[in-house]
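Here is how the chains run, residue by residue.
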Amino acid sequence: VKLGSCFGTIAPTSSPTHAGPDSGGCNHPWRESDLESYAAGARVEYNQFLFECKSDVHLSKYCKDGSYGPNGMYWDMAWNKVGWCDG
């Protein structure tokens, strides 16, 4: 009984490319020393990604808390990942 078949090669595939939007240059790196300045709509760069503080009045308060920074476990409660930086 034949259940299936395979075809193709085991050659390496091409390098991956990002499919996210290109968001332009990032001029404002996220810094814990700037926490008090972050408010709804604030944009920061972290690890070559652009993040925007959520616009919801209740969630945007987390942008001022380092525990919710783009480098933290709960970053997505405070920040939206907008896209890649290109410069």
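Residues numbered from 1 in each chain as written. Predicted model: local features only at pLDDT ≥ 70, side-chain atom pairs only at ≥ 80, totals over all residues. Heavy atoms only, no water.

Caption draft 1: Summary view of the packing of aromatic side chains. Inspection of the entire model under this criterion finds six aromatic pairs. With centroids separated by 5.4 Å and ring planes inclined at 80°, the aromatic side chains of F51 and W75 adopt a geometry described as edge-to-face. Placement of F51 in strand β2 (residues 49-53) and of W75 in the loop between β2 and β3 (79-84) is noted, with a sequence separation of 24 residues between them. Judged by relative accessible area, W75 falls into the partly exposed class, the value being 24%. Arranged with centres 6.3 Å apart and planes meeting at 45°, the rings of Y68 and Y74 form a pair that is tilted. Judged by its relative accessible area of 18%, Y68 falls in the buried class. For Y74, a relative accessible area of 44% gives the class partly exposed. (Phe/Tyr/Trp six-rings, centres within 6.5 Å; stacked < 30°, edge-to-face > 60°. Helix = DSSP H or I, 4+ residues; strand = E, 2+ residues; numbered from the N terminus. Buried < 20%, exposed > 50% of the residue type's maximum accessible area, 1.4 Å probe, protein only.)

Caption draft 2: Spotlight on the confidence of the model for the protein chain. Mean pLDDT over the protein chain stands at 84; residues scoring 70 or higher make up 78%. Averaged pLDDT values for the elements of the protein chain fall to 93 in β3 and rise to 95 in β2. (pLDDT = per-residue confidence, 0-100.)

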